[in-house]
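Examination of the molecular architecture
Okay, here's what each chain looks like letter by letter:
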Amino acid sequence: LALRTLYNIIFLPYITYASTVWDTAPEQDLQKLQRMQNRAGKLLLGAPHRTPSTEVLTRLGWKDIKSIHRRQKALLTYKSLNNLLPDYMREKFTYCRDRSVR
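Below, the structure is looked at part by part. (Residues numbered from 1 in each chain as written. Predicted model: local features only at pLDDT ≥ 70, side-chain atom pairs only at ≥ 80, totals over all residues. Heavy atoms only, no water.)

The contact between helix 1 (residues 2-16) and helix 3 (residues 27-45) brings their axes to 11 Å, and the two run at 170°. Comparing their axes, helix 3 and helix 1 come out roughly antiparallel. Here Leu3, Arg4, Tyr7, Phe11, Tyr14 and Ile15 of helix 1 lie close against helix 3, whose contacting residues are Leu33, Met36, Gln37, Ala40, Leu43 and Leu44. (Axes fitted to C-alpha atoms, helices over the stretch in contact; angles between N-to-C directions. Helix = DSSP H or I, 4+ residues; strand = E, 2+ residues; numbered from the N terminus. Parallel < 35°, antiparallel > 145°, perpendicular 65-115°, else oblique. Contact = heavy atoms within 4.5 Å.)

In structure tokens, the structure reads:
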């Protein structure tokens, strides 16, 4: 329980904060984040090093880094489209209607 709490208060905010910006990071940086998350999961479960990371993430109910970033981006888009963002952020977005190309 203590290790999971530590993950939730230290690591999870690190990978979700400004994740829409992280999403444009080079692939090798995102892979480093994924490896850190995988190691944290194995540590939490006491799983051997060779345990497949997908198994660890599934057992913990965690999403991989790319899925987290996709979700955060979708959430930001939803909030933008529904005027749920603070004014300072809303000003950064412009809504463009779908324009068909002939």
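Having seen it, we continue.
A few words now on the environment of Thr16. Here Thr16 is to be found in helix 1. In sequence terms Thr16 and Asn38 are 22 residues apart; their C-alpha atoms lie 16 Å from each other. Ignoring any residue separated from it by four or fewer positions in sequence, one finds Thr16 in contact with Ile68 and Gln72. One polar contact links the side chain of Thr16 to the main-chain carbonyl oxygen of Leu12, over a distance of 2.9 Å. (Polar contact = N/O pair within 3.5 Å; in protein donor to acceptor, adjacent residues only side chain to side chain.)

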